[in-house]
Amino acid sequence: ADQLVAYLNTQAGRLQNISYGEVTVSAKEGDGIRGALKEAVYPNLRGNLSASQPRNFRMVAKGGLVDVKVDLGSNPDQFWVYFTAPQVPPTFVFASHNDFENGKAKIPGNMPVDPDWILQALGMTTYPTKMSYTATTDEKARTYTLSWPTTTPNGVAITKEVVFAADDANASQNQAQVKRHVIRDMKGKVLCFADVRAAKTVPSGGSDPTTGRQQVVQYPTELLLRWEEQKFEMTLKLDAGRVNGQLTPQDNRRLFDLPNIPGANPVNLAEARFEPR
């Protein structure tokens, strides 16, 4: 377990920021099972994504043939969600991280995930070293799984998992070393997961003092995010990645401040309540 945590933290230390110049977002809802919930496939959106440690994140995407726009973001103080589509009232909500972590702000739809989840899937999260981690091996699947107990912002006990490929990932085939991030309830039922379907390995500068090998870092180029209870999944194809670019204070304000969207007034989630769909 200590080695797996050390690997995650080493990779996070090498991936201080990343920007994707071309992002394709595809989403669908339903389970596709005959006689059950029908499957709805939504139009693809295209845009860009930027992230930097510890909590800066921004994805802006819109449709080509349909008037749909999504703006998801986070900074050290707060996070926000903006969505608009034809015949759907625009949604623009935000909350402070403190209110969310204390259970004062609820995300519409009750999705069992915090705003830092995509940063975790991107490999930009540093994990505490003193926690009750467990490491297990699946020889048939050739994986290691790191797991630990924690709670959601509203106090529900859950288990988080990170699944690793046991063998060295083949960089030429865009294989990911970290394959999956999972959140389960205490009975073991999967609530949501993020599959790293493909990743790119690039030099991060310097060499390993022990082996002398060039230091590298991986970042995802395709992610599948799925929420089981809501039967909703989203695939992100992440192209034109740029690692550890220079970000000025002006860049940070432009990218990661709460946006001013004409005609849209943000609603504080700590002061509003939404009925479940």
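If you're wondering where the values come from, they're calculated on a predicted model, not measured in any experiment. (Residues numbered from 1 in each chain as written. Predicted model: local features only at pLDDT ≥ 70, side-chain atom pairs only at ≥ 80, totals over all residues. Heavy atoms only, no water.)

Asker: Give a detailed account of the environment of Lys140, specifying residues and quantitative values.
Answerer: Along the chain, the position of Lys140 falls in the loop between β8 (134-138) and β9 (143-151). Spatially, the C-alpha atom of Lys140 lies 26 Å from that of Ile158, the residues being 18 residues apart in sequence. (Helix = DSSP H or I, 4+ residues; strand = E, 2+ residues; numbered from the N terminus.)

Asker: Explain the side chain of Asn56 to me, and be specific about the residues and the numbers.
Answerer: Position of Asn56 relative to the elements: it lies in strand β4 (residues 56-63). In contact with Asn56, not counting residues within four places along its chain, are Ser50, Ala51, Ser74, Asn75, Pro76, Leu119, Asn252 and Phe256. (Contact = heavy atoms within 4.5 Å.)

Asker: Give me the lowdown on the environment of Phe79, citing residues and values where you can.
Answerer: Relative to the helices and strands, Phe79 resides in strand β6 (residues 78-85). Sequence-wise, Phe79 and Val93 are 14 residues apart; in three dimensions their C-alpha atoms are separated by 8.6 Å.

Asker: Which residues make up the packing of aromatic side chains, and what values go with them?
Answerer: Taken as a whole and judged by the stated rule, the model has 8 aromatic pairs. Taking 5.4 Å as the distance between ring centres and 80° as the angle between the ring planes, the aromatic pair formed by Phe79 and Phe100 counts as edge-to-face. Here the residue Phe79 occupies a position in strand β6, and Phe100 occupies one in helix α2 (residues 97-101), the gap between them amounting to 21 residues. Since its relative accessible area comes to 5%, Phe79 is described here as buried. Each ring, one from Trp227 and one from Phe232, has its centre 5.8 Å from the other, and the planes form 35°; the classification is tilted. (Phe/Tyr/Trp six-rings, centres within 6.5 Å; stacked < 30°, edge-to-face > 60°. Buried < 20%, exposed > 50% of the residue type's maximum accessible area, 1.4 Å probe, protein only.)

Read these as layout, nothing more, since geometry by itself doesn't imply function.
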